[in-house]
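Topology and contacts: notes
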Amino acid sequence: MSTSRISVERRTQKYHLLTQHLDNWIHHWNSVSAWVISEILKDDTPRARANKIERLIDIAKHLKQLFSFNTLYAFVTGFNHSSVSRLKKTWDHVKSSSQTSLNDLEELMSNLENFGAYRKHLGKVSITVCKIPLLSLILRDIEFLNVNSPKLKNGLWNFWQTSAHKKQDIGYGKDTK
């Protein structure tokens, strides 16, 4: 077996392992979002569903405090699923303080201005604090860099030009006042 073929096989194995981990993470995110939806819909009465929503909002607030943004986004997505958001009688029973908390979480995780509120909040968190970032956004940013960033002759990214390009075109570092 030639060395180049062995090299290609090793890269393929590493790539497969990486994509397997990404697939697992995505599956977990989808499972959490589906769990939020099913937990809410499991109850029969609007008042019982409202109580469940309030408890899940409390969990989501704790996720924010723990800087678990990926799971927080799964929760917010679950709350906003059409099967849950259309339950008008249920939402009428949810306390206004819980609805305000949910609105704050939705604002934080909003995709407006390229997730500007999330990026600003994440930037304020100490670098020494453990954070679980929003994976889908990281993957999108990597794809953006791969497609749009200037590359050096050896194929590596020119991060000096990338950072200026990034701030100018996709809203990183912009003041959102």
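Residues numbered from 1 in each chain as written. Predicted model: local features only at pLDDT ≥ 70, side-chain atom pairs only at ≥ 80, totals over all residues. Heavy atoms only, no water.

1. Details of the overall build of the protein
When helices and strands are tallied, the protein shows nine helices and zero strands. Helices and strands appear in the protein in the N-to-C order α-α-α-α-α-α-α-α-α. For the protein, the residues scored as buried account for 32% of the 177 residues in total. For the protein, long-range pairs separated by at least 24 residues make up 58% of all intrachain contacts whose partners lie at least 6 apart in sequence. Of the roughly 11,900 Å² of accessible surface on the protein, 57% is carried by carbon and sulfur atoms. (Helix = DSSP H or I, 4+ residues; strand = E, 2+ residues; numbered from the N terminus. Buried < 20%, exposed > 50% of the residue type's maximum accessible area, 1.4 Å probe, protein only. Contact = heavy atoms within 4.5 Å. Areas by Shrake-Rupley, 256 points an atom, 1.4 Å probe, with all protein chains shown as cover.)

2. What to know about the packing of aromatic side chains
In this structure the tally under the stated criterion is six aromatic pairs. For the ring pair W29 and Y73, a centre distance of 5.9 Å and an interplane angle of 40° mean the geometry is tilted. On the criterion of sequence distance, the pair formed by W29 in helix α1 (residues 3–42) and Y73 in helix α3 (residues 69–79) is long-range, its members being 44 residues apart. Here W29 matches Y73 in class, with each residue buried. Here the aromatic residues W29, Y73 and F115 are joined through ring pairs into a cluster of three or more. (Phe/Tyr/Trp six-rings, centres within 6.5 Å; stacked < 30°, edge-to-face > 60°.)

3. Some details on the environment of S38
With respect to the helices, strands and loops of the structure, S38 is situated in helix α1. On the basis of relative accessible area, S38 is assigned to the partly exposed category, the value being 35%. Spatially, the C-alpha atom of S38 lies 9.0 Å from that of G78, the residues being 40 residues apart in sequence.

4. Considering the side chain of R119
Structurally, the position occupied by R119 is in helix α7 (residues 116–124). Its relative accessible area of 18% is what places R119 among the buried residues. A distance of 2.7 Å separates a polar side-chain atom of R119 from the backbone oxygen of N114. (Polar contact = N/O pair within 3.5 Å; in protein donor to acceptor, adjacent residues only side chain to side chain.)

5. Some details on the nonpolar core
Counting 30 residues, the largest nonpolar core has I40, L72, F75, F79 and M109 as the members making the most contacts within it. Where this core is concerned, the elements lending two or more residues are α1, α2 (46–65), α3 and α6 (96–108). The greatest single-element share of this core, amounting to seven residues, is contributed by α3. Each residue touching I40, except ones within four places of it in the same chain, is listed here: R49, K52, I53, L56, F79, V84 and L87. (Core = buried A, V, L, I, M, F, W, Y, C linked by side-chain atoms within 4.5 Å.)

6. Description of α7
Restricting attention to buried positions, one finds in α7 the residues G116, Y118 and R119. Along α7, the residues classed as buried sweep out an arc of 165° about the axis, all on the same side. Buried residues in α7 make contact with α3, α6 and α8 (135–148). (Arc of directions from axis to C-beta.)

7. Some points on the packing of α3 against α6
Across the interface, α3 lies against α6 with an axial gap of 10 Å and an inter-helix angle of 120°. In this view, α3 runs oblique relative to α6, as classed from their interaxial angle. α6 is crossed by α3, and the crossing has left-handed handedness. Contacts between α3 and α6 pair F69, L72, V76 and F79 from the former with L102, L105, E106 and L108 from the latter. A class-by-class count of the residues in the contact of α3 with α6 yields seven nonpolar, no polar and one charged. (Axes fitted to C-alpha atoms, helices over the stretch in contact; angles between N-to-C directions. Parallel < 35°, antiparallel > 145°, perpendicular 65-115°, else oblique. Left-handed = near helix turned anticlockwise from the far one by under 90°. Nonpolar A, V, L, I, M, F, W, Y, C, P; charged D, E, K, R; others polar.)

8. What about α6?
Spanning 13 residues, α6 covers 18 Å between terminal C-alpha atoms, matching the ideal 18 Å at 1.5 Å per step. Every buried residue belonging to α6 is among S98, S101, L102, L105 and L108, and all of these are buried. Down the axis of α6, the sector holding all buried residues measures 120°, keeping them to one side. Every exposed residue of α6 that faces more than 90 degrees away from the buried side is listed here: S96 and E107. Where α6 is buried, its residues meet α2, α3, α5 (88–93) and α7. (Expected span 1.5 Å × (residues − 1).)

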